[in-house]
Structures are given as structure tokens and as C-alpha cells.
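Summary of structural features
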Amino acid sequence: MVHAVRARRTTAVLAALSLGVLALTACEGDAEQDAAAPSATASPSAPGKGKDKDKGGETGKDTGGGKDATDAPGGSGGSSGGGGTSEASEPATDDQDGGVGMCETTDLTYKVTVASKPVNHALLTATNNSGDPCLLPAGELVVTIPGLDGAAEHMGPAGEDWILNAGEKAYAGILFSRADTPGGKSADKVEIALTAAESPSTVPINDGPVTVNDSQVTSFFGTAEDALTY
């Protein structure tokens, strides 16, 4: 009887131990799965990160490409700008009047004749003998008297540049001396340039000589009457 009771107890203890071992094994298995799960979850993130890196590399490449594209048009634009400058550098004044260049002093021939009135005046006649029309710098006329310092001052309204066709004439009035200014120097020729930057042409004074003490000159006009008004 005693042996039977002991046998049942032993069996119960063994069963309890077996259940405990099974439970422990199950717990360890679950723990191992839990430990392995984060690793499995974390591993996909690596390819994602690598993909982002590759994408960043591609973006960097695109950015570099964009810079090259910007530089290329810029360089081309500079070249084009240089071309524009080259075109603009060809007689810049030509563009003002559809391809007509500025008149130069040597394009014209000059005649200076003492006027009967007003007194102490002479008429300058300039003729375009170049064979082509040119743009006359009306307000930059320079008249000097050989042997005297300085150029004649401008009088009358400021002129505007205008096209002087081949064979056409332009007129300017020259005042050699004022009635209220005594003294002066006798002169029988003048020097004429269309601009201060050019070498002058020496022109004799018809019906001279004249007395010069305070010379002045007008801009160019289309008629002799207008030129002698001032």
C-alpha cells in the first residue's frame, strides 16, 4: 500500500517536472523567435538605406549635369554676346540711320566766302563729294584760325545730326569779329574739321582777308539764309 502511494507520488512529480521542462522549452523558443524577429525586421532597412544613397548619388549626378547645362548656355551666351559686340563694334553710328556712316572731314569739300551782310560774317559751304550719303555731325563743327589759339565758339541753336546725300550741301555761318571789340588779327584762311578728333582741312577765305578778334561759328543748316541768321 505504501509502495503504491509512493509510486503515484513519484509519477506525479515526474509529470510535473516534464510539464515544467516543456514550458521552459517553449518559453526559450519564444524568446529566440522574439530575438530573431527584430533582426529580420531591421535587415530590410539596409537595402532601403542603400537605395536612398544610390538615389542621392543620382541626384548629385543630376545636379552636376545641371551645372554643366548652365555653364554651356552661359559660355555660348558669352560667345554670342561677343558676336553681338563684334557686330555692334562695326561703325556703331551706322545703326542710327539704316547703315549710313558718319561724315568725315575728308568726305566733304569746303568753301568760305565773306558775306555782304551781316558784317564781319562769312558763309561756310560744305559739299558731300564722297559719292555716298553720310551722317553729318551738325553740332560739332570746329573752326580755327591759323596762328590764333583756340577754336571759334558755337553760336545759335544746337544742330542735330542729319543725312547729307552725295552732292548735297550744308551751310554754317562764321563770325570773325564783333563790332564792339577793337583790334584783331588779319587772316586769309581758316581750318575746318567736322569733329575735334579729326585733322582739319585748310580753306582759303574768298574775298578776304578778314580781321579776327572773337570768332564764332554756327551749327550746320540746310540753307545759307539760316546759317547767316546768327
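Preceding block: the structure.
Residues numbered from 1 in each chain as written. Predicted model: local features only at pLDDT ≥ 70, side-chain atom pairs only at ≥ 80, totals over all residues. Heavy atoms only, no water.

**Concerning the overall build of the chain**
When helices and strands are tallied, the chain shows 3 helices and 12 strands. Within the span of the chain, comprising 230 residues, buried residues form 24% of the whole. Here the chain displays about 14300 Å² of accessible surface, and carbon together with sulfur accounts for 56% of that area. (Helix = DSSP H or I, 4+ residues; strand = E, 2+ residues; numbered from the N terminus. Buried < 20%, exposed > 50% of the residue type's maximum accessible area, 1.4 Å probe, protein only. Areas by Shrake-Rupley, 256 points an atom, 1.4 Å probe, with all protein chains shown as cover.)

**Observations regarding the sheet that holds strand β4 (residues 142-144)**
Strand order in the open sheet formed by 8 strands is β4-β9-β10-β1-β2-β7-β12-β5, with mixed pairing between adjacent strands. The two strands at the open ends of the sheet, each matched to only one other strand, are β4 and β5 (153-154). (Pairing = 2+ DSSP bridges.)

**Digging into the side chain of Thr218**
Here Thr218 shows up in the loop between β12 (216-217) and α3 (224-227). Separated by 2.9 Å, the side chain of Thr218 and the backbone nitrogen of Gly173 make a polar contact. (Polar contact = N/O pair within 3.5 Å; in protein donor to acceptor, adjacent residues only side chain to side chain.)

**Comments concerning the pattern of salt bridges**
Applying the stated criterion to the full structure yields 2 salt bridges. Across the salt bridge formed by Arg178 and Asp214, the nearest N and O atoms sit 2.9 Å from each other. Linking Arg178 in the loop between β7 (169-175) and β8 (185-187) with Asp214 in the loop between β11 (210-212) and β12, this pair joins segments that are 36 residues apart in sequence. Judged by its relative accessible area of 34%, Arg178 is partly exposed. Asp188 is the partner of Lys189 in a salt bridge, and the nearest nitrogen-oxygen pair spans 3.6 Å. Since its relative accessible area comes to 37%, Lys189 is described here as partly exposed. Assessed through its relative accessible area of 43%, Asp188 is described here as partly exposed. (Salt bridge = Lys/Arg side-chain N within 4 Å of Asp/Glu carboxyl O.)

**Here's the deal with the nonpolar core**
By size, the foremost hydrophobic cluster in this structure holds 29 residues, and its most contacted members are Val112, Leu124, Phe176, Val190, Ile192 and Phe220. Of all the secondary structure elements, the ones that give two or more residues to this core are β1 (108-114), β2 (121-128), β3 (134-136), β7, β9 (189-193), β10 (201-206) and β11. Sequence-distant contacts of Phe176, that is, excluding residues within four places in its chain, are made with Asn120, Ala122, Ile145, Val190, Ile205, Val210, Thr211, Val212, Asn213, Asp214 and Ser215. By size, the runner-up hydrophobic cluster in this structure holds 7 residues, among which are Ala115, Leu123, Ala224 and Leu228. (Core = buried A, V, L, I, M, F, W, Y, C linked by side-chain atoms within 4.5 Å. Contact = heavy atoms within 4.5 Å.)

**A look at the state of the cysteines**
Using the criterion set out here, one finds 1 disulfide in the structure. Across the disulfide, Cys103 is cross-linked to Cys134 (sulfur-sulfur distance 1.9 Å). Handedness of the Cys103-Cys134 disulfide follows from its S-S torsion of about 90 degrees: it is right-handed. Within this pair, whereas Cys103 is found in the loop between α2 (45-89) and β1, its partner Cys134 is found in strand β3, the two being separated by 31 residues in sequence. (Disulfide = S-S within 2.5 Å.)

**Some remarks on the pairing of β10**
With 2 bridges joining them, β1 and β10 adopt parallel strand pairing. Across the sheet, Val112 pairs through a bridge with Ile205, a residue of β10. Looking at chain direction, β9 and β10 are connected through 4 bridges and run antiparallel. Bridging from a neighbouring strand, Ile192 pairs with Ser201 of β10.

**Quick look at the pairing of β2**
In terms of burial, β2 is a largely internal element, 8 of the 8 residues being buried. What you see with β2 is no split at all: His121, Leu123, Thr125 and Thr127 on one side and Ala122, Leu124, Ala126 and Asn128 on the other are buried throughout. Here 7 bridges tie β1 to β2, and the two strands are oriented antiparallel to one another. When the sheet's bridge partners are listed, Val112 is paired in β2 with Leu124. Following β1, the chain reverses through 6 residues before pairing antiparallel with β2; Asn120 in that reversal takes a positive phi of roughly 65 degrees. As paired elements, β2 and β7 share 7 bridges and run antiparallel to each other. Within the sheet, the bridge partner assigned to Leu123 lies in β7 and is Gly173.

**Looking at unusual backbone geometry**
Omega for the peptide link from Lys117 to Pro118 comes to -5 degrees, which places this bond in the cis form. Secondary-structure assignment places Pro118 in the loop between β1 and β2. Residues Gly208 and Pro209 are joined by a peptide bond in cis, for which omega reads 5 degrees. Counting through the fold element by element, Pro209 comes out in the loop between β10 and β11. Positive phi, close to 70 degrees, is recorded for Asp207, a residue that is not glycine. Take Asp207: it is sitting in the loop between β10 and β11. Among the residues examined, Asp207 registers a relative accessible area of 62% and is labelled exposed.

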